[in-house]
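# Structural overview for review
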Amino acid sequence: MRAFGNRDKVNVGDTMLGSQVALVLKSRNSKYPEGSKVLAYVGWRDHTICNPDKLKGMYSMVLPLPDLKGLPDSYALGPCGMTGLTAYFGLLKICEPKKGELVVVNSAAGAVGSLVGQIAKIKGCKVVGFAGSDEKVNWIKEDLQFNFAFNYKQVHLDSILKKFCLEGIDCYYDNVGGEFSYTVLKNMNMFGRVALSGSLSQYNNGLNAENKIPFDYFNLVCKQIKMEGFNTSRWVADFEDGVKQMATWIHEGKIIVRETHTKGFENMAQAFIDLLEGKSIGKSIVVL
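As a starting point, this report considers the structure included with it. (Residues numbered from 1 in each chain as written. Predicted model: local features only at pLDDT ≥ 70, side-chain atom pairs only at ≥ 80, totals over all residues. Heavy atoms only, no water.)

## Here we look at helix H4 (residues 134–143)
Since the α-helix turns once every 3.6 residues, residues separated by three or four places project in the same direction. Within H4 the residues assigned to the buried category are Lys-136, Val-137, Trp-139 and Ile-140. Viewed along the axis of H4, the buried residues span an arc of 160°, placing them on a single side of the element. Considering only its buried residues, H4 is in contact with helix H3 (113–122), strand S5 (126–131) and strand S6 (148–151). Of the residues one or two after H4, Gln-145 is the one with positive phi, at around 65°. (Buried < 20%, exposed > 50% of the residue type's maximum accessible area, 1.4 Å probe, protein only. Helix = DSSP H or I, 4+ residues; strand = E, 2+ residues; numbered from the N terminus. Arc of directions from axis to C-beta. Contact = heavy atoms within 4.5 Å.)

Have a look at this one:
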């Protein structure tokens, strides 16, 4: 959030960035009739007055709620929204996984990571996931059918990778960064691909922190590994297709969705804190 806030010039006291599914109460815009629902990127607020046609940018806009064919509205914020599209495009466009390859994902019980692993399974890959509690590990192993899952707090990462990724790692979807990523990169195959989606290990550092991590440059050169950061907005022209595909996989039972719900707008800050402290599983949703 600090990274987005710094980029978009969010100051102390401003409205926090965020998205919501909202009901149109009053309207003078024929594209958004009263009683309809919208997907609104307007920040943390319970009521909004705006002209959707004058909002600019990826994180300040209002769109008609997509037709999810009977799925819960909240899925437009998760697997059929920006969260799902981050997993979908980040894995398929950056990592380009091939059938039979091995994919490693961290924060694997989170909103993005849990979808990454399932999409990789759909594509015929072997998936190794890491999460921060036994409950999360059991969920991604038993319910999501990851091939292997581990509590990163209780294992020696390098030993686990050498034991369970015997043929090396082909794709790495990184939500964490830091020492974890340094270790994974050492165990990657020739022509490995890395999607840099997040840096959870550094989110609590100050804005002016250098955020340095160990980096085996020689290893990346010799193995010709591709590392690429991305912003999901790169594929905005393909969002509709991505949403349709994610919804289809959910309807077909190929993707399982889990949400952690918090009741009440007044509890939104606590829900956000719980998310950063690893207390939620899947997508965190605040219900008004």
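Next comes the rest of the write-up.
## Focus: the nonpolar core
Grouped together as the largest cluster of nonpolar side chains are 50 residues, with contacts concentrated most on Cys-80, Leu-91, Ile-119, Ile-140, Tyr-173 and Met-246. Taken together, the elements giving at least two residues each to this core come down to strand S2 (37–41), helix H2 (82–95), strand S4 (102–105), H3, S5, H4, strand S7 (169–174) and helix H8 (239–251). Here the element with the most residues in this core is H2; it accounts for eight residues. Counting 20 residues, the second largest nonpolar core, distinct from the first, contains Val-104, Leu-157, Ile-160 and Phe-180. (Core = buried A, V, L, I, M, F, W, Y, C linked by side-chain atoms within 4.5 Å.)

## Things to note about the sheet that holds S2
If you walk across this open sheet you meet the three strands as S1-S2-S3, and the pairing is antiparallel. Strands with a single pairing partner mark the edges of an open sheet, and in this sheet they are strand S1 (20–23) and strand S3 (61–64). Geometrically, the sheet is characterised by an average inter-axis angle of 35° between neighbouring strands, direction not taken into account. Note: S1 against S2, four bridges, orientation antiparallel. Within S2, the position partnered with Ala-22 by the bridge is Val-38. (Pairing = 2+ DSSP bridges. Axes fitted to C-alpha atoms, helices over the stretch in contact; angles between N-to-C directions.)

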